[in-house]
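Below, each chain spelled out in residue letters.
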Amino acid sequence: MAGPRVEVDGSIMEGGGQILRVSTALSCLLGLPLRVHKIRAGRSTPGLRPQHLSGLEMIRDLCDGQLEGAEIGSTEITFTPEKIKGGIHTADTKTAGSVCLLMQVSMPCVLFAASPSELHLKGGTNAEMAPQIDYTEMVFKPIVEKFGFIFNCDIKTRGYYPKGGGEVIVRMSPVKQLNPINLTDRGCVTKIYGRAFVAGVLPFKVAKDMAAAAVRCIRKEIRDLYVNIQPVQEPKDQAFGNGNGIIIIAETSTGCLFAGSSLGKRGVNADKVGIEAAEMLLANLRHGGTVDEYLQDQLIVFMALANGVSRIKTGPVTLHTQTAIHFAEQIAKPKFIVKKSEDEEDAAKDTYIIECQGIGMTNPNL
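All of these numbers come straight from a predicted model, not from anything done at the bench.

### Describing helix α5 (residues 204–221)
Here is step 1: Taking 1.5 Å as the rise per residue, α5 with 18 residues should run 26 Å; its terminal C-alpha atoms sit 27 Å apart, in good agreement.
Here is step 2: All buried positions along α5 are accounted for by V206, A207, M210, A211, A213, A214, V215, C217 and I218.
Here is step 3: The secondary structure elements touched by the buried residues of α5 are β10 (189–199), β11 (227–233), β13 (243–252) and α6 (270–286).

### Section: the packing of aromatic side chains
Here is step 1: With the rule as written, the count across this model stands at six aromatic pairs.
Here is step 2: Their ring planes at 50° and their centres at 6.2 Å tell us that F140 and F151 sit as a pair that is tilted. A residue pair is termed long-range when its members are at least 10 positions apart, and F140 in helix α4 (residues 133–144) and F151 in strand β7 (residues 151–159) qualify at 11 residues. Side by side, F140 and F151 carry an identical accessibility label, which is buried.
Here is step 3: Both rings, one in F140 and one in F302, keep their centres 6.3 Å apart while their planes meet at 55°; by these two values the pair is tilted. Of this pair, F140 sits in helix α4 while F302 is found in helix α7 (residues 293–305), placing the two residues 162 residues apart along the sequence. You'll find F140 and F302 in the same group, each marked buried.
Here is step 4: Its end group placed over the ring of F151, K141 keeps NZ or CZ at 5.3 Å from the ring centre.
Here is step 5: Positioned above the aromatic ring of Y352 is the side chain of K340, whose terminal nitrogen or guanidinium carbon lies 5.2 Å from the ring centre.

### Notes on the pairing of β13
Here is step 1: The buried fraction of β13 amounts to nine of the 10 residues, a majority that puts the element mostly inside the structure.
Here is step 2: Note that β10 and β13 share 10 bridges and pair antiparallel. Its bridge partner being in β13, K191 is matched across the sheet by E251.
Here is step 3: Adjacent in sequence and paired antiparallel, β13 and strand β14 (residues 257–263) are bridged by four residues, among which G255 carries a positive phi angle near 85°.

### A look at the UniProt feature "active site" (unreviewed entry) in the chain
Here is step 1: Those residues carrying the UniProt feature "active site" (unreviewed entry) are H320 in this numbering.
Here is step 2: Examined against the element boundaries, H320 turns out to sit in helix α8 (residues 319–332).
Here is step 3: Residues in contact with H320, not counting those within four places in the same chain, are E14, Q18 and D297.

### A look at the packing of helix α1 (residues 17–30) against α8
Here is step 1: Two elements in contact, α1 and α8, have axes whose closest approach is 9 Å; the angle formed by their N-to-C orientations is 25°. Accordingly, the angle class assigned to the pair α1 and α8 is roughly parallel. Every pair of crossing elements has a handedness; the one defined by α1 and α8 is right-handed. Facing α1, whose interface residues are Q18, I19, V22, S23, L26, S27 and L30, α8 presents H320, T323, A324, F327, A328, I331 and A332.
Here is step 2: Here the residues of the contact of α1 with α8 sort into nine nonpolar, five polar and no charged.

### Concerning the pattern of salt bridges
Pairing between side chains of opposite charge can happen when the charged atoms of each approach one another.
Here is step 1: Summed over all chains, the structure comprises 25 salt bridges.
Here is step 2: The salt bridge involving E118 is made with R171; its shortest N-O contact spans 3.3 Å. Of this pair, E118 sits in strand β6 (residues 117–123) while R171 sits in strand β8 (residues 166–172), and the two are 53 residues apart along the sequence.
Here is step 3: A salt bridge links D154 to K156; the shortest N-O distance between them is 3.0 Å.
Here is step 4: Among the residues examined, D154 registers a relative accessible area of 23% and is labelled partly exposed.
Here is step 5: Overlapping salt bridges bring together E118, D154, K156 and R171 as one network.

### Notes on the nonpolar core
Here is step 1: Grouped together as the largest cluster of nonpolar side chains are 80 residues, with contacts concentrated most on F147, F149, F151, L178 and L299.
Here is step 2: Counting the residues that make up this core, at least three belong to each of domain 1 (189–285) and domain 2 (288–361).
Here is step 3: Ignoring sequence-local partners within four residues, the contact set of L299 consists of I143, V144, F147, I181, V291 and I312.
Here is step 4: The next biggest cluster of nonpolar side chains, apart from the first, holds 27 residues, and it includes A196, L225, I248 and C256.

What counts, and at which threshold
Residues numbered from 1 in each chain as written. Predicted model: local features only at pLDDT ≥ 70, side-chain atom pairs only at ≥ 80, totals over all residues. Heavy atoms only, no water. Helix = DSSP H or I, 4+ residues; strand = E, 2+ residues; numbered from the N terminus. Expected span 1.5 Å × (residues − 1). Buried < 20%, exposed > 50% of the residue type's maximum accessible area, 1.4 Å probe, protein only. Contact = heavy atoms within 4.5 Å. Phe/Tyr/Trp six-rings, centres within 6.5 Å; stacked < 30°, edge-to-face > 60°. Lys NZ or Arg CZ within 6 Å of the ring centre and 35° of its normal. Pairing = 2+ DSSP bridges. UniProt positions renumbered as here; feature names shortened; annotations may be inferred. Axes fitted to C-alpha atoms, helices over the stretch in contact; angles between N-to-C directions. Parallel < 35°, antiparallel > 145°, perpendicular 65-115°, else oblique. Left-handed = near helix turned anticlockwise from the far one by under 90°. Nonpolar A, V, L, I, M, F, W, Y, C, P; charged D, E, K, R; others polar. Salt bridge = Lys/Arg side-chain N within 4 Å of Asp/Glu carboxyl O. Core = buried A, V, L, I, M, F, W, Y, C linked by side-chain atoms within 4.5 Å. Domains from an automatic or database assignment.

Now the structure itself:
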């Protein structure tokens, strides 16, 4: 029997699609009926966009739930979840909407399904305003797997703004429970590597220029490490449309991973794209945290569900992270504490500890 609906105000705090992702995933997992109103109310194009719609429809299909008000431009939805099932599920944004964001909303749910799942996600793999698929593979995956599960991410085709057309297949098996994580020891940077890519009609020289500019920028601050950024021409049959971009990863002695990335836009020279990614990486290395600013909010739902106390050390807590914490607490009732880091080496830095007493979600099917 469904209990009373959880009421979520979609216009507060970060006020965007993230509120939908966090609240529908948790509603699905906990079997709580949900109403979200004032969806993206403050945005220039309020209400649901195609990528939000495909995420909602995917969650509905994952659990044979009921979804009302789900159309483009709608500012209110109601969702009534049922039992989460495994198997093959497809979500297609039909745009350059991010496959990585589709993965963000669906992954926690299928971890608690009755059987293994295969998610066919279509849209943009390297798109603006979202993690690039390379980030998901190279940073998100190894860290999130510390919660005690593994997933396989198979990039069939890459898709770029504005056409999309990318496809990624994610395979994972369900778990009984998630383990808490403790990421508080940063260690020292041991490796810096990355890839600079061009796809479609863009000349290979653009990839080489992005890589070279990024390396020069990093060398100014970090002199004693070899920086290995590979220029890549995406094979014609594995990329749809035209695009260019770069992702650079720093790895530490304790296995922490940080990234800086940037995508090319028409009229922006290659050096500038490379430098932007390098500067983002360097900024993420300055704050003394164990995760970069983009990983922060992506870990919150997993911490909320885990069986025990998780701790992560971060730089300044982003609005996305504060938003994820707020709605996770409202819906799932974990206990989060955010406090300034008391370690001596962090004294001069803006470093925080996010601690969470997870709810110990147990898979009823296993």
